[in-house]
Amino acid sequence: MGLAYRATPATFQSSGASGGSYPVTKQTGTAAGDWIFIYVFGGTGSVACTGFTAKPDGAHYGGLLYRLADGTEGSSFTITGLSAGNSVAGVIATVSGAQSTLDPSSLNTPDYANNSATLPVSSITLANSGDWVLWFGTNENGFSAPGYAITPPSGFTSRATNGAQALIRTLVDAGVRTCFTNPGTSEMHFVAALDAVP
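Residues numbered from 1 in each chain as written. Predicted model: local features only at pLDDT ≥ 70, side-chain atom pairs only at ≥ 80, totals over all residues. Heavy atoms only, no water.

Chemist: Even after reading the chapter, I still don't get the overall build of the protein, so can you show me in this structure?
Modeler: The helix and strand tally for the protein stands at two helices and 10 strands. Scanning the protein from its N terminus toward the C terminus, one meets helices and strands in the order β-β-β-β-β-β-β-β-β-β-α-α. Across the 198 residues of the protein, 31% fall into the buried class. Relative to all contacts within the protein whose residues are 6 or more apart in sequence, the contacts with residues 24 or more apart total 75%. Entry remark: accessible area of the protein is about 11200 Å², with carbon and sulfur atoms responsible for 51%. (Helix = DSSP H or I, 4+ residues; strand = E, 2+ residues; numbered from the N terminus. Buried < 20%, exposed > 50% of the residue type's maximum accessible area, 1.4 Å probe, protein only. Contact = heavy atoms within 4.5 Å. Areas by Shrake-Rupley, 256 points an atom, 1.4 Å probe, with all protein chains shown as cover.)

What follows is the structure in structure tokens.
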């Protein structure tokens, strides 16, 4: 059996982590033997989640959490170690068909761009035909508003979406070509999606 997403990777975003923690819903259909990856940006390098291995980024803004599903995990995961009151953004991806010997711990420390619009990425050589590379990217503008649009590196397929991006794609598919707005704080996700969706 080949690799497959158990469900479309999903983004999450909140204007503030309550008490330094944030709940993430387990993806529908997750089964024992699946790999669960959660990339989170929340303003701290002590990000953690029970049952997950944490790989913080070098700037301590967040990092990658991963675990092999064994059927004992609940319906949601509580990410801890976040900066209370700061915005939280991230993505969850569940992959089926991978070997249980997959070793995400061999990954380098996740990179970060700080205040740069680009992020240099080391080259990657895959060992086998059909291998996957998962690329996670998220940001927040000063921890208080949605970040800038993220463009995956050439050759990657962007699969995760949030509600605002889905709304924009629906409007574009319906033929809407112009949008007039007077955005405030609650519309910032929509404005960011306008920049992110071609």
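Chemist: Where do I start with the nonpolar core in this structure?
Modeler: The tendency in soluble globular proteins is for nonpolar side chains to be buried as a group. Of all hydrophobic cores here, the largest spans 16 residues; its most connected members are Phe12, Ile38, Val40, Leu65 and Ile79. Looking at this core, the elements with two or more residues in it are β3 (22–25), β4 (35–41), β7 (76–79) and β8 (88–96). Setting aside anything within four residues of it in sequence, one finds Val40 in contact with Phe12, Val47, Gly62, Gly63, Leu65, Ile79, Leu82, Val88, Ala89 and Gly90. (Core = buried A, V, L, I, M, F, W, Y, C linked by side-chain atoms within 4.5 Å.)

Chemist: What should I look at first to understand the environment of Gln13 in this one?
Modeler: Among the secondary structure elements, Gln13 is positioned in strand β2 (residues 10–14). Since its relative accessible area comes to 28%, Gln13 is described here as partly exposed. Linking Gln13 and Ala89, residues 76 residues apart in sequence, is a C-alpha distance of 4.2 Å.

Chemist: Quick question: what am I supposed to make of a nonpolar patch on the surface here?
Modeler: Together, Ile124, Leu126, Val133 and Phe156 give the surface a local cluster of nonpolar side chains, amounting to about 320 Å² of exposed area. Relative to the helices and strands, Phe156 resides in the loop between β10 (145–146) and α1 (163–173). By relative accessible area, Phe156 is classed as partly exposed at 32%. (Patch = residues over 30% accessible without salt bridge, like charges linked within 9 Å, V, L, I, M, F, W, Y side chains within 5 Å. Salt bridge = Lys/Arg side-chain N within 4 Å of Asp/Glu carboxyl O.)

Chemist: So what exactly am I meant to see when it comes to the environment of Val24 here?
Modeler: Position of Val24 relative to the elements: it lies in strand β3. Between the C-alpha atoms of Val24 and Ile38, which are 14 residues apart in sequence, the distance is 8.8 Å. Once residues lying within four places of it in the same chain are set aside, the contact partners of Val24 are Phe12, Ile38, Ser76, Phe77, Ile79 and Ile92.

Chemist: I'm lost on the confidence of the model for the protein in this one. Help?
Modeler: One rule of thumb: low pLDDT means the predicted coordinates there are not for detailed reading. Predicted confidence across the protein gives a mean pLDDT of 75, with 63% of residues reaching 70 or more. Put simply, β10 is where the protein has its lowest mean pLDDT, 50, and β7 is where it has its highest, 92. (pLDDT = per-residue confidence, 0-100.)

Chemist: What's the story with the environment of Gly71 in this structure? I'm lost.
Modeler: If you trace the backbone, Gly71 turns up in the loop between β6 (62–68) and β7. On the basis of relative accessible area, Gly71 is assigned to the exposed category, the value being 53%.

Chemist: Sorry, what's going on with the packing of aromatic side chains here?
Modeler: Describing an aromatic ring pair means giving the distance of the ring centres and the angle of the ring planes. Taken as a whole and judged by the stated rule, the model has three aromatic pairs. With 6.3 Å between their ring centres and 25° between their planes, Trp35 and Phe37 make a pair best called stacked. By relative accessible area, Trp35 is classed as buried at 6%. Accessibility expressed as a relative area gives 7% for Phe37, which makes it buried. Plain terms: the ring middles of Phe52 and Phe77 are 5.0 Å apart, the flat faces sit at 80° to each other, and that makes the pair edge-to-face. Taken together, the residues span a long stretch of sequence, with Phe52 in the loop between β4 and β5 (53–56) and Phe77 in strand β7 at a distance of 25 residues. On the accessibility criterion, Phe77 (4% relative accessible area) is buried. (Phe/Tyr/Trp six-rings, centres within 6.5 Å; stacked < 30°, edge-to-face > 60°.)

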